[in-house]
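Overview (structure and organization)
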Amino acid sequence: MTILGTVFQSAVELERLPDTARAADAAGLEELWLWEDCFSASGIAALAATLARTERLKVGIGLLPVPLRNVALAAMEVATLERLFPGRSIIGVGHGVLDWMGQAGARAGSPLTLLGEYLDALRALLRGETVTTSGRYVSLTDVRLTWPPAVPPAVHAGAEGPKTLELVGARADGTILPGGTTPDRVRAARDRIDAGRAAAGRTDPHRVTVFLMTATGPQAQARFEAECRRWSFPADADTGVAGDAEAVAVAVRRWADAGADAVILQPPQDEADLPAFARFAAEQVRPLVP
């Protein structure tokens, strides 16, 4: 079954998050995703608050920028959330927007090297291992979590370019593709991910998550086109969908057929009623998606 969710964008006022999360939870939606964009809101803090206000909803972060977060601290935060709310956090890490990393004085000379070292260390720490490593960016000496999670959570990573996709296939547990990714690009990404997995000898499951730009309700097409302009995407470039539940479900199935395991509906930034959008996804679109 294709996993369905929605995203709460970082450009939206944080005060709207609790009602959105509660609506998604009550409606039975599988996932709500948060973004940690510089210099907006903390993904970890928002994740913790959302988990505490809901009962069963899974909550994802896409993405924690690895240049800003020491891997030992990230492991402590993830492990704490996993112990308090078992199985409900979905952790995604990534390069971070390079210009933002530069503004913060954290830009890496080789983002690819950093991400690989970080993924190896974070996954080992969450498995409860004692980690000693001295890489170009990640250095740890006999670091072991006092309170590792009972079940190590999957660590997902954002990727777009071919080298990053292959690295993430080899060294992460799942891949997160950005909004604006077309079905053709999902297929191409899946090929690169599988190449990385094959080279690393991995046969375990590897989830692919994609954000699908989605507009519904009055003037959906016009709002979708405005959102495309906001993201500098051509409105006819097959980057999303505008329409009713049936139209959205058809689009979700197209992206799933291209290789996405989870399709996360990304409402326009001007969406006035995010709780209603979450209910629309859960109550109208979900029954139409196998």
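Fair warning: this is a prediction, and the values are worked out from it, not measured in the lab. (Residues numbered from 1 in each chain as written. Predicted model: local features only at pLDDT ≥ 70, side-chain atom pairs only at ≥ 80, totals over all residues. Heavy atoms only, no water.)

**Re the overall build of the chain**
Of regular secondary structure, the chain possesses 10 helices and 11 strands. The C-alpha radius of gyration of the chain comes to 18 Å, within 12% of the 19 Å expected for a compact globule of 290 residues. When each of the 290 residues of the chain is scored for burial, the buried share is 54%. Expressed as a percentage of contacts within the chain between residues at least 6 apart in sequence, the contacts between residues at least 24 apart total 73%. Surface summary for the chain: the accessible area is close to 12400 Å², and the carbon and sulfur share equals 53%. Across the chain, the 29 positively charged side chains and the 35 negatively charged ones have centroids separated by 4 Å. (Helix = DSSP H or I, 4+ residues; strand = E, 2+ residues; numbered from the N terminus. Rg over C-alpha atoms; globule rule 2.2 N^0.38 Å. Buried < 20%, exposed > 50% of the residue type's maximum accessible area, 1.4 Å probe, protein only. Contact = heavy atoms within 4.5 Å. Areas by Shrake-Rupley, 256 points an atom, 1.4 Å probe, with all protein chains shown as cover. Lys, Arg positive; Asp, Glu negative; His and termini not counted. Charge placed at Lys NZ, Arg CZ, Asp CG, Glu CD.)

**Points about the layout of surface pockets**
The space that makes up the largest pocket amounts to roughly 890 Å³. Together, 34 residues line the largest pocket, and Asp37, Leu63, Val97, Glu160 and Pro178 are the ones closest to its centre. Put simply, the parts of the chain that give the lining of the largest pocket at least two residues each are β3 (58-65), α4 (98-103) and β8 (174-177). Among the residues forming the lining of the largest pocket, the class breakdown is 18 nonpolar, 12 polar and 4 charged. A volume near 230 Å³ is recorded for the second largest pocket. Around the second largest pocket sit 13 residues that line it, and Glu31, Lys58, Gly87, Ile90 and Arg207 are the ones nearest its centre. When grouped by side-chain class, the residues that make up the lining of the second largest pocket number 4 nonpolar, 3 polar and 6 charged. (1 Å grid on protein atoms, 1.4 Å probe; cavity = no way out; pocket = protein on both sides within 12 Å on 5 of 7 lines; lining within 4 Å. Points joined across faces, edges and corners; volume = space filled by probe spheres on them. Nonpolar A, V, L, I, M, F, W, Y, C, P; charged D, E, K, R; others polar.)

**Comments concerning the pattern of salt bridges**
Under the defined criterion, the tally for this structure stands at 23 salt bridges. Residues Arg192 and Glu166 are paired through a salt bridge, measuring 2.3 Å at the closest nitrogen-oxygen approach. Here Arg192, found in helix α7 (residues 183-200), pairs with Glu166, found in helix α6 (residues 162-171); they are 26 residues apart in sequence, far enough to count as distant. We classify Arg192 as partly exposed; its relative accessible area is 31%. Where Arg253 meets Glu246, a salt bridge forms, and the shortest distance between an N and an O atom there is 3.5 Å. Classification of Arg253 as partly exposed rests on a relative accessible area of 26%. (Salt bridge = Lys/Arg side-chain N within 4 Å of Asp/Glu carboxyl O.)

**Re helix α9 (residues 245-257)**
The terminal C-alpha atoms of α9 lie 18 Å apart, and with 13 residues this matches the ideal 18 Å at 1.5 Å per residue to within 8%. Those residues of α9 not exposed but buried are Ala245, Val248, Ala249, Ala251, Val252, Trp255 and Ala256. End-on view of α9: buried residues confined to an arc of 160 degrees, all on one side of the axis. Buried residues along α9 sit in contact with β1 (3-8), α7, β9 (207-215), β10 (240-242), β11 (262-266) and α10 (274-285). Positive backbone phi, approximately 130 degrees, marks Gly259, located one or two places after α9. (Expected span 1.5 Å × (residues − 1). Arc of directions from axis to C-beta.)

**Considerations on the nonpolar core**
One finds Val93 and Leu265 to be the most contacted residues of the largest nonpolar core, which totals 76 residues. Top contributing element to this core by residue count: helix α5 (residues 111-126), with 9 residues. If you look at the next biggest cluster of nonpolar residues, it comprises 8 residues, including Val7, Trp35, Ile176 and Ala262. (Core = buried A, V, L, I, M, F, W, Y, C linked by side-chain atoms within 4.5 Å.)

**Focus: empty space enclosed by the protein**
Counted according to the given criterion, the structure contains 1 cavity of 30 Å³ or more. Each pocket or cavity is described by its volume, and for the largest cavity that value is around 30 Å³. In terms of lining residues, the largest cavity is bounded by Val7, Gln9, Val12, Pro267, Pro268, Gln269, Glu271 and Leu274. Among the residues making up the lining of the largest cavity, the classes are represented as 5 nonpolar, 2 polar and 1 charged.

**Thoughts on unusual backbone geometry**
The omega torsion across Cys38 and Phe39 is -5 degrees, close enough to zero to call that bond cis. Among the secondary structure elements, Phe39 is positioned in the loop between β2 (31-34) and α2 (43-53). With an omega of 15 degrees, the peptide bond between Gly62 and Leu63 qualifies as cis. In this structure, Leu63 sits in strand β3. For Asp142, which is not a glycine, the phi torsion comes out positive at approximately 50 degrees.

**Remarks on the packing of aromatic side chains**
Enumeration over the complete set of coordinates arrives at 4 aromatic pairs. With a centroid separation of 5.8 Å and an interplanar angle of 85 degrees, the aromatic rings of Trp33 and Phe211 are classed as edge-to-face. With Trp33 in strand β2 and Phe211 in strand β9, the pair connects residues that are 178 residues apart, well separated along the chain. Between the aromatic rings of Trp35 and Phe211, the centroid separation amounts to 5.5 Å while the plane-to-plane angle is 85 degrees, which identifies the pairing as edge-to-face. With Trp35 in the loop between β2 and α2 and Phe211 in strand β9, the pair connects residues that are 176 residues apart, well separated along the chain. (Phe/Tyr/Trp six-rings, centres within 6.5 Å; stacked < 30°, edge-to-face > 60°.)

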